[in-house]
Every structure is written in C-alpha cells, then in structure tokens.
Amino acid sequence: MSLLPSKLLSLRPPNPIPRLPYSHRELAYPRSQTLQILCAKRAGKRRYPSEKKKLKLKKKEILADVKKTNKFEGFWRLSKLGVPVSEDPGKDFLGVSDGLLQVIAKVIEFPVASLLPPEAFSVVRKSFDARKMLKEPRFVYIVDMDVEKLLSLEPRTWDFIDRLETKVGLIEQLPEIKVSGGLISIVQDCKRVPAGTVSGDSRDNDYSASEGSHTYPTSKKPKIAVVGSGPSGLFASLVLAEFGADVTLIERGQPVEQRGRDIGALVVRRILERESNFCFGEGGAGTWSDGKLVTRIGRNSDSVLAVMKTLVHFGAPKGILVNGKPHLGTDKLIPLLRNFRQHLQELGVTIEFGKRVDDLLIRDGQVVGVEVSDSSDKLHSNSQKWGYDAVVLAVGHSARDTYQMLLSHNVPLVPKDFAVGLRIEHPQEVINSIQYSSLASAVQSGRGKVPVADYKLVKYIRDNGDGSTGTGRGCYSFCMCPGGQVVLTSTDPSEICINGMSFSRRASKWANAALVVNVSMKDFELLNLHGPLAGVEFQREFERRAATMGGGNFVVPVQTVTDFLDGKLSVTSVPTSSYRLGVKAAPLHELYPTHITVSLQQSISMFDEELPGFISKDGLLHGVETRTSSPIQIPRSIDTYESTSLKGLYPVGEGAGYAGGIVSAAVDGMYAGFAVANSFDLSHGGIETVFDKTQNAGIAKY
C-alpha cells in the first residue's frame, strides 16, 4: 500500500500564543501571492545528509540522557510490537492480550509470557499492517510498561529490566511526565479569574469597543463573537467561555437535529436548503463526512491529544486515543455535538442558529461588531447590528459570500493552492481483496477482526500546466471513505460538488475516495481568472459544468474508469453507485482542461501498479470534487492570530486557510481561543506554557 506524504497541504503548525499584552500596529497591505502546496519530508534512505546528521545527533542526545536515568523508575515505551492477526482478538480490542504479552516477553527477554501481569502495561497505539511484504498481516502496538508496577506484581522481572538497553524508536525509557488532559482542565490551569466580573448584553446594539488596548477592565467581561460552529469555532468558543468571556456563537446553519432533517429532504425530495446542508450547520462540513481524526500536525502532540481527549469527554469512544487511524462517523458525531452544545450553553454561551453574518461593523480600523440576518432572509431586509469587542471568524471553505464581504473591507485574501478532481467508487469487496488477499473475508462489513480496507495513494506528474513536460503536479487520493457513500455537498442548485461520508461501522458495500490534482494560480489564469477569488471562480466553473453534464436536478455525471482512461464514452449503462440522487453516464474526460485530465489519467494508471485491480470495470468516477481545502488564506499575525489588516478580527480554521480536517481545525480554534483570551488578559499564561511542561522532545513521535 502506498502511503500519503505527511504534508500535502501548506498547513502552518499551531502558532505560539503571545505572552505580551495586545498592542495596535499599523501593518502594510501584504503582497498577493499564491501559497504553495508542500510535498512530503523525505524518509529512510531518501533523507538528505543534513537530515541524517540531525537524527544521529538526536539519538546521541537520547542515549546520553538514558545513562543518567534509573531503569527501575517511571515507564519504558515499547514500539513496533507486531502481533499476527491469528493471535490477536481483533481491531475492536484495545487492551493487553495474551498474544501481545508474548511479543512483550520476547522484547524484554522474559522467558514465560504468561507470568507477565497485563496490569503493568498500557496500549498507547494500535494499528493494522497488511503490507504485501509481510509474511502475515499483523496488528502493530506501542505499549508503555510501568516498571514499578511490574516489579511489585512480578519481582522476577528485575534482572530482565536491569538488562534492558535503549533502542531509539523501539525501546525507550520515558521520564516522569505530566499526562496532558482535555482542554477544559488545561484552561483551568491557565485561568485568571478577576474579582467582581460582570457580563454585559452580548447583543447590545449600542456597540462599543475598547480604544487602544484589549486589556479589559475587571468589572466587565469581554464580549466575543465566534462566527461558525465547525471544529475551529466550537473549540475557540469552548476556550473563551471556560476563561469567562461573554461568548456568542453565530451559525448560519441549523443544529444537528434540524440539519439532519434538511439533509434528508435533500436526499429524498431533492430540496436543497442553502443554509442547512452537507456543508453548513452545526459541526461544519465534517459532521456529515467520514469523521476522520487522522492529522498531519503531530499525532501525539499535546495539542492534538487535548482535542482528542476533549472529544472523548463529550462522548467520543475512548478508542480514538489508541486507534492508529481514529475515525468517528456521522452517527457518533451527532450526539457528541449535542453534548458539546449543552456544555457551551451551561457555560453561558449564547448560540444563535439560523443567523448569517452579512457584514462586519468597523470603527477606526477595528471590528466592533457584526451585522446579522436570518439565514432564510435572502434580501437581508431584517438585519440587526450586534456589538462585540472581538470577532473570531471560523467559517468553512464554502462560505464564499464571507470572502466577498471581506474584500469589500479591503481585507487581503491570498490565493492558495488546492486540489480538484473526481471521486472514484469501487465495491468495498474489491478494495478488501486488493489490500488483504485471502484475509478479505475477515472484514465482515466492519464487524470482523480486521478493519475495513482503505488506501492512500500519491504520485507526482511532471507537466507545465498545458500538458507538456515540466514542473511536478501532485496527484493523490483524498478523503478515502471505506464502507461509505458519495454525497452531494453543493450549496447552490446550479452547481454539483460531491464528497464522501461513512458511519462508524463503515458497513456500506462501497468504498470511495477523491482522486485529485494540485491546482494553482497558473491554472486559474489559463481560464482567464484573476484576483484573490480566482480559485473560487475556478471551483464554480467546474461545478457548473458538472451540473450541466448531469442534466440538472442534482444528478451526478459519472464515467467508468476504463472509459475515462481511454478518453471515450462507450457505455451508457454504468455500475451501481451509492449516490442516492441519481447518476448519468457522461464524458468526464472532457470536463477539466486537458492538462488536468491527463494528470488524472496518468496517476490512475500508476495507482493501479501499486493496487493491481484498481482499474476495473467496477470502478466508477463521479464528478466533481473541488472543495478539498480553502482556495484562499486570510493573513493573520503569527503571534496574536489577529488579522494583519483589521484589528479585532481573528480568522481561524479551514475557511481561513489554516487547517485541513477536523483535528487540525479544532487545534487552530483552540490556539486562537487562547490568543484572544491572552489579549483580554483572561489567562496567566499562553497554552504553550502548559504544553511545554508535558511535551517531551526526546521520545520518538508515533
């Protein structure tokens, strides 16, 4: 199986939270430029000499530290422990099995595995490895061994612990470290509670903002508006509310209960609610998606663990803390979001569903509030003005009207590379067979011992953007949904845009994934599209073409993968699709410009070399997938998260161009919440001061 690089998108790591009080700065209008998509770091033998040297120095430092420690104190981390499928209880068992004890005993050279007490070991990570190079598929574990508990329960292990030697990445001694908690406990550690704080009306029309500084008087809570209830908005709201700010969460869509009914009306009766659909509503676009919690910003970083533990606090299964590919599914996300909402309301957060922010209220270069109207009011005839001291802008990547509004205030929007393509669907049994061979029968529609098979693929095609050989263009699979279905994510009836989703069990008989290629300003200009929103217009162009190809009424154009590769439409009878609003055979090879189509064709052919059988009569391509990430980035301060052009505005999350998925968006919202809290002097230290206490740079990341 080919692995996706650790970085395909230009995702900036979480910004450090400032320790200095807020101060105004006049900043020049930044130069417009296209943000580049970064490729993966080199690994193994492909590492650059400088990288190899750094790794050697790091290993020396770790080994030097080990000599100073007592082997019989703290924990030892045992990594890459492989347990054959035949000896493991299966994917849903996250404890210490007899098979795992056998492997642990071998690693520490203890002769009788049955004498090892399971209580002395805890599973940190469990993943599944079915690569063809292995003699047998296996579950791979990372386990922490509590030495003191082990010795108290089985003293005969003393000699074997004494002989343990550090092997970086395999056997490492952990120092005594504080285990990072969920976000709520972290905020409590940083909280500064001024005496005699009072709350003002969070929707006071006589809006006024602090002049000069955001250091707020202790007699009044700062009033903060958070626009958007996706992951970044929810986590920013949680941080600020826990710090005691007067928070109003404004969401153009509906709560998950009503949103579910609106989505049902779309699927059954073809009624598209423009403000309550697969993109807009409580939880954001990720709610009715696959619910992936995989991230490329540091799987065991304290910020990610804080987000994961917070999700568990609100109802997510504890297994997401251990599973190598954590995933929730829509059915698990809906009750989680209800619990999240209830907690915010108990903290005093005012949640306004069905309210669209149409404009910002600005005075002397600073945001002092927002103008809102009912989402159902297309004419904005019943708008209201609500005053705030700061606005956290946490909209999603489909909030195109918000981008237009920002431009009207001369807020710079920097065009950003993203990816477009098609979504391919196979019978899940085909993918199971390709990946697992004879073990495919053990999947059992998500109820068996092994996970439903998935894949991650990436190739680099060389072209100049016009079909001729030149610079590289990344082509990769995106948002792979095993046991899922293809869904409509359009926000306009004249456009067709699709995505994939699945439930927690992943029991559907289909597997789907987007196959996409990177596009940049160069591609936009070939269609005579210019300016900050060129990427948005690029998306719209092909979403409208797809709607035309489908014939309207939300019918999706499809083409067999073999016909797409041959550049012809030979059949009108196509394989069954999971898409419930109907499909129509169409020449998808004519939808995109030639150079994009050729890149897709070449990458699909290369994907088949890695996954033989990927190109088959059962493979069906659906059009189009265009909203893989935000087409713009809203410039902000690295230190304060504040807009570089408009004081009091804090752009965060995926819509602002700083995240790509549930977890990274939540982390960005969390850090932004701390930044805003710091600017109002609500905390006695930034979030990085807490994580500095718990982070251990010497232990290999898993």
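How do you make sense of the side chain of threonine 402 when you look at a structure like this?
Relative to the helices and strands, threonine 402 is located in helix H10 (residues 400-408). With residues near it in sequence (within four places) discarded, threonine 402 still touches Arg252, Leu393 and Val395.

Is there a simple way to explain the sheet that holds strand E18 (residues 510-519) in this structure?
Whether parallel or antiparallel, the strands of a sheet pair through hydrogen bonds between backbone atoms. If you trace the seven strands from one edge of the open sheet to the other, you get E14-E15-E18-E13-E21-E19-E20, paired in mixed fashion. Sheet topology places strand E14 (458-462) and strand E20 (583-585) at the edges, where each strand pairs with a single neighbour. Sheet twist, expressed as the mean angle between neighbouring strand axes with direction ignored, is 30°. Two elements, strand E15 (residues 472-481) and E18, share five bridges in a ladder whose sense is antiparallel. Bridge pairing links tyrosine 476 to valine 516 in E18.

Is there a simple way to explain the environment of phenylalanine 607 in this structure?
Relative to the helices and strands, phenylalanine 607 resides in helix H15 (residues 594-610). Assessed through its relative accessible area of 1%, phenylalanine 607 is described here as buried. For the pair phenylalanine 607 and valine 458, spaced 149 residues apart in the sequence, the C-alpha separation amounts to 7.8 Å.

Help me understand the environment of alanine 659 in this model?
As for its placement among the helices and strands, alanine 659 is situated in the loop between strand E23 (649-651) and helix H16 (662-679). Among the residues examined, alanine 659 registers a relative accessible area of 4% and is labelled buried. Distance from alanine 659 to isoleucine 297, taken between C-alpha atoms, is 9.6 Å for residues 362 residues apart in sequence.

What should I look at first to understand the pattern of salt bridges in this one?
By the definition in use, this model includes 32 salt bridges. Ionic pairing is found between aspartate 454 and lysine 325, a salt bridge with its closest N-O pair at 3.1 Å. Residue aspartate 454 is located in the loop between helix H11 (428-436) and E14, and its partner lysine 325 is located in the loop between helix H8 (302-313) and helix H9 (330-346); the two are separated by 129 residues in the primary sequence. Look at aspartate 454 and you get buried, because its relative accessible area is 15%.

Looking at this structure, I do not really get the side chain of aspartate 358. What am I missing?
Considering the arrangement of structural elements, one finds aspartate 358 in strand E8 (residues 355-363). What makes aspartate 358 buried here is its relative accessible area of 16%. Reaching out from aspartate 358, the side chain makes a polar contact with the side chain of arginine 356 at a distance of 2.7 Å. Non-local contacts of aspartate 358, meaning those with residues more than four positions away in its chain, are made with Glu371, Val372, Ser373, His380 and Met405.

Help me out: how do you make sense of the nonpolar core in this one?
Nonpolar side chains in soluble globular proteins generally cluster together in the buried interior. Among the nonpolar cores identified, the biggest contains 154 residues, and Phe121 and Met670 are the most heavily contacted of them. If one sorts the elements of this core by residue count, H16 sits on top with eleven residues. By size, the runner-up hydrophobic cluster in this structure holds 27 residues, among which are Val372, Ala399, Leu649 and Ala656.

In this structure, what is going on with unusual backbone geometry? I would like to understand it.
Keep in mind that most residues, glycine aside, have a negative phi and that most peptide bonds are trans. Each neighbour pair has its own omega, and for glycine 623 with valine 624 the value is 0°, a cis peptide bond. Summarising the element assignment, valine 624 is placed in strand E21 (residues 620-625). Even without glycine at this site, asparagine 410 takes up a positive phi of about 60°. Along the chain, the position of asparagine 410 falls in the loop between H10 and strand E12 (414-415). The phi angle at cysteine 479 is positive, at roughly 50°, despite the residue not being glycine.

Mind showing me how you'd approach the sheet that holds strand E10 (residues 384-387) here?
Strand order across the open sheet formed by three strands is E8-E9-E10, with antiparallel pairing between neighbours. Two strands in the sheet have a free side with no partner beyond their single neighbour: E8 and E10. When the angles between neighbouring strand axes are averaged without regard to direction, this sheet yields 30°.

Conventions adopted
Residues numbered from 1 in each chain as written. Predicted model: local features only at pLDDT ≥ 70, side-chain atom pairs only at ≥ 80, totals over all residues. Heavy atoms only, no water. Helix = DSSP H or I, 4+ residues; strand = E, 2+ residues; numbered from the N terminus. Contact = heavy atoms within 4.5 Å. Pairing = 2+ DSSP bridges. Axes fitted to C-alpha atoms, helices over the stretch in contact; angles between N-to-C directions. Buried < 20%, exposed > 50% of the residue type's maximum accessible area, 1.4 Å probe, protein only. Salt bridge = Lys/Arg side-chain N within 4 Å of Asp/Glu carboxyl O. Polar contact = N/O pair within 3.5 Å; in protein donor to acceptor, adjacent residues only side chain to side chain. Core = buried A, V, L, I, M, F, W, Y, C linked by side-chain atoms within 4.5 Å.

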